[in-house]
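# Observations on the model geometry
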Amino acid sequence: MFISDVHLGARHCHAAELADFLDGLRCERLYLVGDIVDLWWMAQRRASWGAAHNRVVEALHALRRRDTELVYIPGNHDRPIRRFCGLALPAMRVRRRAVHVTADGRRLLVTHGDDYDAATHFGSLQEKLGDWLYYRILTGNQWLNALRGRLGLRYWSLSEFLKSKSGAAERYIGLFVQAGLDDARRRGLDGIVCGHIHRAALLQRDGLLYANDGDWVESLSALVEEHDGTLRLLSHLGQVLAEIPPRMLPMACDTGEAAAA
Ligand SMILES: [Mn+2]
């Protein structure tokens, strides 16, 4: 399983939903694909660390006790943890990036995704301004949905709406996806698993796979690989948002037989 962009300690983190999701989870390995703890927020703002945030940490400990292997790949909001890359701590391994091999043999680059900010012309000033604006919009979202809730209307994401209406956001996302795929191809891999842009996706393009596990601020989603290599994007309630079936694997036996013949 892969999750990222939890932003623990930040005001807009949906820690309770994540804790519920992790409580029922059984998996061999959990990749924490960056921005898990929002050190940036906690240093710049007042940390909002409530009981639900502790429940997430406890749920991770419980997974560890159930023999789930934890791999932490720090992102830009938990960048200081990159100092520990390469270490095998008792609880988890910390890596700058990883290569995950699926059951059907696909080799996937696992990385947070902020490395592609340069490719999307997203500088550090824009990063700071973007973060500020993003959190402002999320706060607007909370107010709006509190009001909608009181009026008996269902949840509606203002920031998703703005992102889908804004051509600049779509262009940015397009450049990000392409930069990720280019990086995977350069490394001779079959695809990429990342996060960072808070836009969950699971797709194939030019023979490569692009998976973005989303976030726990808005999309509340995770990426899972089943035992046969099927990849699924799941909502926090377990709904399947997207799926890619395993690759057929006749090659190994065919070539063997051909060689024997
Ligand atoms: Mn990030």
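In this text the structure is predicted, and so the values were computed from the model without any measurement. (Residues numbered from 1 in each chain as written. Predicted model: local features only at pLDDT ≥ 70, side-chain atom pairs only at ≥ 80, totals over all residues.)

Here we take up the overall build of the protein chain. Each helix and strand counted, the protein chain has 7 helices and 12 strands in total. When each of the 261 residues of the protein chain is scored for burial, the buried share is 35%. For the protein chain, long-range pairs separated by at least 24 residues make up 65% of all intrachain contacts whose partners lie at least 6 apart in sequence. (Helix = DSSP H or I, 4+ residues; strand = E, 2+ residues; numbered from the N terminus. Buried ≥ 20, exposed ≤ 12 C-beta atoms within 10 Å, placed from the backbone. Contact = placed C-beta atoms within 7 Å.)

Turning to helix 3 (residues 51-65), a few remarks are in order. Its 15 residues give helix 3 an end-to-end C-alpha distance of 21 Å, which sits within 8% of 21 Å, the value for a rise of 1.5 Å per residue. Of the positions making up helix 3, those classed as buried are H53, V56, L60 and L63. Buried residues in helix 3, looked at end-on, bunch into an arc of 75°, giving them a common side. Helix 3 presents A51, H61 and R65 as exposed residues on the side facing more than 90 degrees away from its buried surface. Structurally, helix 3 contributes buried residues whose contacts are with helix 1 (15-23), strand 2 (29-32) and strand 3 (69-72). Positive backbone phi, approximately 70°, marks D67, located one or two places after helix 3. (Expected span 1.5 Å × (residues − 1). Arc of directions from axis to C-beta.)

Turning to the environment of H61, a few remarks are in order. Within the secondary structure, H61 is located in helix 3. Taking C-alpha positions, H61 is 8.1 Å from A91, a pair spaced 30 residues apart along the chain.

Looking now at the environment of Q239. Following the sequence through the fold, Q239 ends up in the loop between strand 11 (231-235) and strand 12 (240-244). Remark: the alpha-carbon pair of Q239 and S221, spanning 18 residues in sequence, is separated by 9.4 Å.

Moving on to the nonpolar core. One finds F2, L32, V33, I192, V193 and L223 to be the most contacted residues of the largest nonpolar core, which totals 52 residues. Non-local contacts of F2, meaning those with residues more than four positions away in its chain, are made with Y31, V33, V193, D213, A222 and L223. (Core = buried A, V, L, I, M, F, W, Y, C linked by C-beta atoms within 7 Å.)

A separate point is the packing of helix 1 against helix 3. Interaxial distance between helix 1 and helix 3 falls to 8 Å at its minimum, and their mutual angle equals 20°. Between helix 1 and helix 3, the crossing angle belongs to the class labelled roughly parallel. Crossing of helix 1 against helix 3: the hand is left-handed. Judged by residue contacts, A15, A16, L18, A19, L22 and D23 of helix 1 engage A52, H53, R55, V56, A59, L60 and L63 from helix 3. (Axes fitted to C-alpha atoms, helices over the stretch in contact; angles between N-to-C directions. Parallel < 35°, antiparallel > 145°, perpendicular 65-115°, else oblique. Left-handed = near helix turned anticlockwise from the far one by under 90°.)

Within the protein chain, residue pLDDT values average 87, and 87% of them lie at 70 or more. Of the regions scoring below 50 in pLDDT, residues 253-261 engages in 0 contacts with residues more than four places distant in sequence or in other chains. (pLDDT = per-residue confidence, 0-100.)

Let us now look at the environment of P245. The residue P245 is located in the loop between strand 12 and helix 7 (251-260) in this model. Its 11 C-beta neighbours within 10 Å are what place P245 among the exposed residues. Sequence-wise, P245 and L231 are 14 residues apart; in three dimensions their C-alpha atoms are separated by 6.5 Å.

In this sheet, strand 12 lies alongside strand 11 in antiparallel orientation, the contact comprising 4 bridges. Among the inter-strand pairings, R232 is bridged to a residue of strand 12, identified as E243. (Pairing = 2+ DSSP bridges.)

Time to look at helix 1. Of the residues making up helix 1, those classed as buried are A15, L18, F21 and L22. Taken around the axis of helix 1, the buried residues stretch over an arc of 125°, which confines them to a single face. In this structure, the buried side of helix 1 is in contact with helix 3.

Attention shifts here to the sheet that holds strand 5 (residues 98-101). Spatially, 5 strands are ordered 5-6-7-9-8 in an open sheet, and the strand pairing comes out mixed. The outermost strands of the open sheet, each flanked by one partner alone, are strand 5 and strand 8 (201-205). For this sheet, the mean angle separating the axes of adjacent strands, direction not counted, is 20°. Where strand 8 meets strand 9 (residues 208-212), 5 bridges bridge the pair, whose relative direction is antiparallel. Paired with Q204 across the strands is L209, a residue of strand 9.

Looking now at unusual backbone geometry. Residue D35 is not a glycine yet carries a positive backbone phi of 55°. Among the structural elements, D35 can be located in the loop between strand 2 and helix 2 (39-44). Of note in this structure, D67 is not a glycine but carries a positive phi near 70°.

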